[in-house]
Amino acid sequence: MGTLGNQIVLSRERRRFGRQCLFTDHNEMILSVQPSGRLRLKYILRNPIDERTQLSKQMALSTATTFTVGVEPHGMYHYEGGWNVKEVNVMDEEATLRYRKKIERDDSWGIEVNILLRQVMTISSQNNSINLFQDFFTDIPPDSGKGIKMPITAKSIQIYHDLWYPSRKLRACEWGTTEPWQFLLTYQDPKSALPDYNPPAMQLPDFGLENPNEFYRWDMDDSIRPVAHYNPRNWICSIAKVCMREEHYMVGGFKTGQVCFWNADENGPPKQVCPLEASHREETAALCWVHSKLNTEFYTGSLDGSVKYWDTRDLLMPVQEVLAEPWPGLEQIRQNSHGVTVLEFEYTIPVRYCIGSDMGWVFTCNRKGTVAPETIVGCFPMCVGPIRTLMRNPFFVKNFLIVGDWQMRVWSEEVKNNPSSFYFRRRHQVISGAWSTGRCSLFVLGDNRGTLEFWDLLMDQRRPIMNIKFPFPVVHLVFRPDGQVLAVSLGNGDCVLLRVEEGMRTATVKEKSLMMSMFEREISRCKLLEARVEETRLKKRLTAINIEEARKTLAKVEAKKAKKGAEKKPAEPRQEDEATILLRLIESDEEFTKALMDFNEVIDTITAKRSRRNNAIERTIFERYDIHI
C-alpha cells in the first residue's frame, strides 16, 4: 500500500496499546456543486486541430549546403619569356644571341630593365613577408567588428487576436507615451448596423460587456487578456485617440458623425457624447489632438467635407467649423468641399495643422484664422485617390510622408507650388505607411497584398532594404515612441508586433546631417524648378503681349496705307442731301430772294434805332438832397 501512496498513519497513546481497533463506515456529504445551465449554453465546440495558440515552443530549422571544389595542380617550365619577334627563330642560338646583343646596345634598355626589376622585387617581397596559409588576427575578439555591418531584420514578438470570432475589422493602433508598453486597438463591426445582424461569439465571456463594437487596450506582456475595454454603447466607433500630453483623456468618432469623450482610466461607456444636430453629416473619419493649456481641444474631420474644432469640456456645440474647400471664399459651398480622411498636428508647431482629403489633396491650415480664407493657407493636389497617411518626420518636422493610391511622396512646406521632393511608385495599391521614430531615414509601407516594405533613404532610394510578406492587407502601421517596436495591423483583425534590429532603430549624428543636407538639396531643387516654371510662364505671357502689340502695330500701318491710297484716288461726286436741294431752289427763285432781302433790311433798321436810344437815369431821394447818414 505504501508504494501506491494510499497509506493511513494512526497515532495512539502508549497506554492504549493492545486494544482492538474499531472502525465505522458512514456517508457524509461535504460539498455538492450542481451543473450550471447558463455556462453550458456558453460552451463552444471547436476543432482542436485548427486551434491557434501562442504558448507553443519556439522552434527553428537551419540547413546548410556545401559545394565541392575540385583542385588540380598544373606546372609550367618557363625557359625563354617575352619573345615576340617573328623574324628571329627561337631555336637558333646564334640568331637569338645576336638579337639580344642588339637590344642591349639600345639606350632605353637599361631604363626598362630598372623599372621591371623594381616591380618584380616589390611583388617578391610581399610574397615572402605574408604567409598565405597562416591565420592572422586570431587574438582579436569576434565582437570587435560587430558594428561594421548593420543587420537588417525584424522579428515577430507577439500576435494579438481579436476577442470576437469571427474577427472584426481593425481600424488603427496607437501607442501610449507615458506607458509605452501599452497600446490601443480600435475595432469596429460595420455589419452591426444591419437589421438581420448576427453577432459574433465572445471568446472571453467574463471580460467586457459583450458589445461587438468594443475596443481594447493591450499590454505587450499579455496577448491573451486586454488591460481595459471601452464600450461605445449602440454606436459604431470608427476612430479613437488618446491625448499625447494627458493620457487620461480619450476621444472618439462614431459612424454617425458624432464625437464622444472617455476617461481612459475607467472602463465602460463614454462620459460625454455630442448631440446629433451638432455632429458631422457623415462618418467621423479623422481626429487629432491639438496644443492647449488644459489639453482638452481637438479637431475632427468627416467625409462630408467639414473640419470641426471641439473642446471636451463642452461637446454641445463645436467651437469652429471650416470646410475643406480648395481656394475658399468668405462664403463656403459644401458641394465643392473634399471629404476629410486624415488630420495631422505637430506639437512643436502649435499654429499649423494639415488635412488629407479623399480627392488626393493636402490642405495646410492656420489655427488662428477666423474665416475660411485665413484658415486654409494652401492646398496641393498630391494623389489620384484618397490620402491614407499624412505624417511628419519626427526629426525634420517640415517634411511630410504622404501615402495614397499607388505611390508614396515626401514633400516639404517650404516649397509652395511644387512641394514634392521624392516619389516612390509601387505596383500594388499602398494603403498604409509610417516614419520611424528612432531612425530619421527609415519609413515603412504596406499595400493591399500584405507586403510590408522597409525603406531607407540613405541606403537605397530605388528598392526597399527589406520585405515581409503577410497573408492579409496591411491596414495600419505605427512605431513605438522609442522606435524599437513596429505595430502592424492586418486586415483579418490581428495585430503583429515586430522588433527591429539596433541599426534600424537608431541614427547617428552623421546620418542626421546627411538627411538634413539631402532634404535641403531637394528643397533647393524644387525651388529652382518652381522658378524655372515661373520664368517659362512669364516668357509665354510676354511673348503673347509682344505678339498682340505687333498685331496692333501692323493693323495701324495697314490702316494708314489704306487711307493714303484712298486720298490718291479721284473724288467721287457726292450725293446732295435735302437741305442742299432746298437752298438751291431758293436761290433760283428771284421773288423769294427779293422778299428775303427786304426783310433783312427792315431788321437792320430796327437794330440801328435801338442802338441809338437814350436811357435817362433818375436820381433817388438821397442823391437829390445830398443826405449823408
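Residues numbered from 1 in each chain as written. Predicted model: local features only at pLDDT ≥ 70, side-chain atom pairs only at ≥ 80, totals over all residues. Heavy atoms only, no water.

Draft legend 1. Region of interest: empty space enclosed by the protein. One pass over the structure, following the stated rule, counts one cavity of 30 Å³ or more. Here the largest cavity defines a volume of roughly 40 Å³. Lining the largest cavity, in full, are Tyr 299, Val 307, Tyr 309, Gln 320, Glu 321, Val 322, Tyr 353 and Thr 375. Broken down by secondary-structure element, the contributors of at least two residues to the lining of the largest cavity are strand E14 (306–311) and strand E15 (320–323). (1 Å grid on protein atoms, 1.4 Å probe; cavity = no way out; pocket = protein on both sides within 12 Å on 5 of 7 lines; lining within 4 Å. Points joined across faces, edges and corners; volume = space filled by probe spheres on them. Helix = DSSP H or I, 4+ residues; strand = E, 2+ residues; numbered from the N terminus.)

Draft legend 2. Here's a closer look at helix H2 (residues 93–104). End to end, H2 covers 16 Å across 12 residues, agreeing with the expected 16 Å (1.5 Å per residue, within 8%). Put simply, Asp 92 is the residue that caps the front of H2, since its side-chain oxygen is 3.4 Å from the backbone nitrogen of Glu 94. (Expected span 1.5 Å × (residues − 1). Polar contact = N/O pair within 3.5 Å; in protein donor to acceptor, adjacent residues only side chain to side chain.)

Draft legend 3. Region of the structure containing the pairing of strand E29 (residues 485–490). With six of six residues buried, E29 lies mostly within the body of the structure. Burial of E29 is two-sided: the residues Val 485, Ala 487 and Ser 489 facing one way and the residues Leu 486, Val 488 and Leu 490 facing the other way are all buried. Bridging between strand E28 (residues 474–479) and E29 involves five bridges; their strand directions are antiparallel. In the strand pairing of E29, Val 478 is matched with Ala 487. With antiparallel pairing between neighbouring strands as the criterion, E29 and strand E30 (residues 495–500) make up a hairpin whose turn holds four residues, including Gly 493 at a positive phi of roughly 95 degrees. (Buried < 20%, exposed > 50% of the residue type's maximum accessible area, 1.4 Å probe, protein only. Pairing = 2+ DSSP bridges.)

Draft legend 4. Expanded view of the nonpolar core. In terms of nonpolar packing, the biggest core is built from 31 residues, with Phe 298, Tyr 299, Val 307, Leu 343, Tyr 353, Ile 355 and Phe 363 touching the most fellow members. Of all the secondary-structure elements, those providing two or more residues to this core are strand E10 (259–263), strand E12 (284–289), strand E13 (297–302), E14, strand E16 (340–345), strand E17 (352–357), strand E18 (361–366) and strand E19 (376–381). Broken down by element, this core gets its largest block of residues, four residues, from E12. If we ignore the near neighbours within four places in the chain, the residues touching Phe 363 are Ala 324, Glu 325, Pro 326, His 338, Tyr 353, Cys 354, Ile 355, Ser 357, Ile 376, Gly 378 and Cys 379. Grouped together as the second largest cluster of nonpolar side chains are 20 residues, Leu 163, Leu 170, Cys 173 and Ala 487 included. (Core = buried A, V, L, I, M, F, W, Y, C linked by side-chain atoms within 4.5 Å. Contact = heavy atoms within 4.5 Å.)

Draft legend 5. Expanded view of the pairing of E18. Counting buried residues along E18, six of its six residues qualify, which places the element largely inside the surrounding structure. Residues Trp 361, Phe 363 and Cys 365 point to one face of E18 and Val 362, Thr 364 and Asn 366 to the other, with burial holding for every one of them. When E17 meets E18, the two strands line up antiparallel, connected through five bridges. By the bridge assignment for E18, Arg 352 is matched with Asn 366. Two successive antiparallel strands, E17 and E18, enclose a turn made up of three residues, where Gly 360 displays a positive phi of approximately 85 degrees.

Draft legend 6. Representation of the side chain of Glu 297. If you trace the backbone, Glu 297 turns up in strand E13. According to the relative accessible area criterion, Glu 297 is buried, its value standing at 18%. Those residues in contact with Glu 297, other than ones at most four positions away along the chain, are Trp 289, Val 290, His 291, Ser 292, Tyr 309, Trp 310, Asp 311 and Arg 367.

Draft legend 7. Quick peek at the sheet that holds E15. If you walk across this open sheet you meet the four strands as E12-E13-E14-E15, and the pairing is antiparallel. The open sheet has two edge strands with one neighbour each: E12 and E15. Going across the sheet, the axis of each strand differs from the next one's by a mean of 20 degrees, ignoring polarity. Bridge count between E14 and E15: four bridges; the pairing is antiparallel. Within E15, the position partnered with Ser 306 by the bridge is Leu 323. (Axes fitted to C-alpha atoms, helices over the stretch in contact; angles between N-to-C directions.)

Draft legend 8. Seen up close, the sheet that holds strand E8 (residues 237–242). One open sheet holds the four strands; their spatial order is E8-E9-E10-E11, and the pairing between them is antiparallel. The outermost strands of the open sheet, each flanked by one partner alone, are E8 and strand E11 (272–273). Where E8 and strand E9 (residues 249–254) come together, five bridges link them in antiparallel fashion. Its bridge partner being in E9, Lys 241 is matched across the sheet by Val 251.

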